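One-letter residues, chain by chain:
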Amino acid sequence: MIARCARCQGTFTTDRFGRQTCPHCGSELLLSDPNAPAAGPEQGAAPPAPAPAPAQPPASAGDLPPPPPPPAGGYGPPGAGAPAGGGWGPPPGGGWPPGGGWGGPPPPGPGPDVPSPFAERSTRGFFASFFETWKLVATRPQEFFRRVRIDQTGTAILFGVLATFAGTVVAALYNLLSGQQAMLAMQRIMEKMPEDEARFMRAYGELMSGGAALAQIVISPILTVVFIYVGAAILHLLLMLFRGTKRPFDATLTAVAYANGLNLLLVVPGCGGLIALVWGVVVLVIGLGEIQRCGSGKAAAAVLAPVALVCVCCCAAMGLGAPAFLKAIGEAAKQGKTVNL
């Protein structure tokens, strides 16, 4: 009879049933006798295998159970206690927390909004939450403004006012001390100056007095609130002109208020104001682009348009007033010569 190998599909002739060896591939075969009686259970035959269960269709997203919520204390670094407010640190082993947070790599999309650390100051601690928020705004603005909630404008304004107030207090005290030292050095020079010029220098010294510094400190919170609201209104109108307002006014107000926190850099003597201005503009451009979902191009156009307008106006004013200023200086010089004669 002719048999076929189940492995190599080669045919060969044989004169018996049972175990065979394929002459082509060498594999062992079992040729059953078709005339042999079927083996029953009493002959030691194995019971038939149960029929496989029908395959179940894959469960849809709606049938899956909801993921477990994050722990009440939030995710913290391994080995450390969970933060009091929760939701800001990465889960154990890395990754992005299901409920949002600021630790770990950023998600691909905007994701759910989460409160800033300063909004949870009652549980995190006032100073710890303040400086944690300042660090996020200053060093990770893209991630911060992409995820921060926009319905907590009061917290954002309070953050900006406190940061500006702290920077203004230190800057005013520093200017007061340096101004007094400068006036002490100029008193000897004013004794030899004409009366008109000496009167001008004394008026300048009064501006640098303690009363002016105190007035600057007192009105700083009021001016900061006015600046935040007026600046946010102007930027929102410009974004509307550039078709960059994907979210309401509260989003723009939140970005301006948190970016105003860079005024804390006023505590740096000398160049703190310049650093705060440049760094604040950069953070504001990034923040508006992320929080309004309009991109950095439209945000930069909205932020830099008023700056360019102010520069143009200042240059025009200087150009128009320069002849009169030079004329006044010349007349003052002639009068000084006449008095000396």
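Residues numbered from 1 in each chain as written. Predicted model: local features only at pLDDT ≥ 70, side-chain atom pairs only at ≥ 80, totals over all residues. Heavy atoms only, no water.

### A few points about the confidence of the model for the chain
And then number 1: Confidence in the prediction for the chain averages 75 pLDDT; 62% of positions are at 70 or higher.
And then number 2: A low-confidence stretch, residues 73-100 (pLDDT under 50), is modelled with 65 contacts involving residues beyond four sequence positions or located in other chains. (pLDDT = per-residue confidence, 0-100. Contact = heavy atoms within 4.5 Å.)

### A closer look at the packing of aromatic side chains
And then number 1: Across all of its chains, the model carries 10 aromatic pairs by this definition.
And then number 2: Look at F126 and F127: their rings are 5.4 Å apart centre to centre, the planes differ by 85°, and that puts the pair in the edge-to-face class.
And then number 3: Aromatic side chains F130 and F131 sit 5.3 Å apart centroid to centroid with 90° between the ring planes, which places their arrangement in the edge-to-face category.
And then number 4: F130 gets classed as buried once you look at its relative accessible area, which sits at 7%.
And then number 5: The exposure class assigned to F131 is partly exposed, which follows from its relative accessible area of 47%.
And then number 6: The structure contains a cluster of three or more aromatic residues connected by ring pairs, namely F118, F126, F127, F130, F131, F144, F145, F159 and Y258.
And then number 7: Its end group placed over the ring of F118, R121 keeps NZ or CZ at 4.7 Å from the ring centre. (Phe/Tyr/Trp six-rings, centres within 6.5 Å; stacked < 30°, edge-to-face > 60°. Buried < 20%, exposed > 50% of the residue type's maximum accessible area, 1.4 Å probe, protein only. Lys NZ or Arg CZ within 6 Å of the ring centre and 35° of its normal.)

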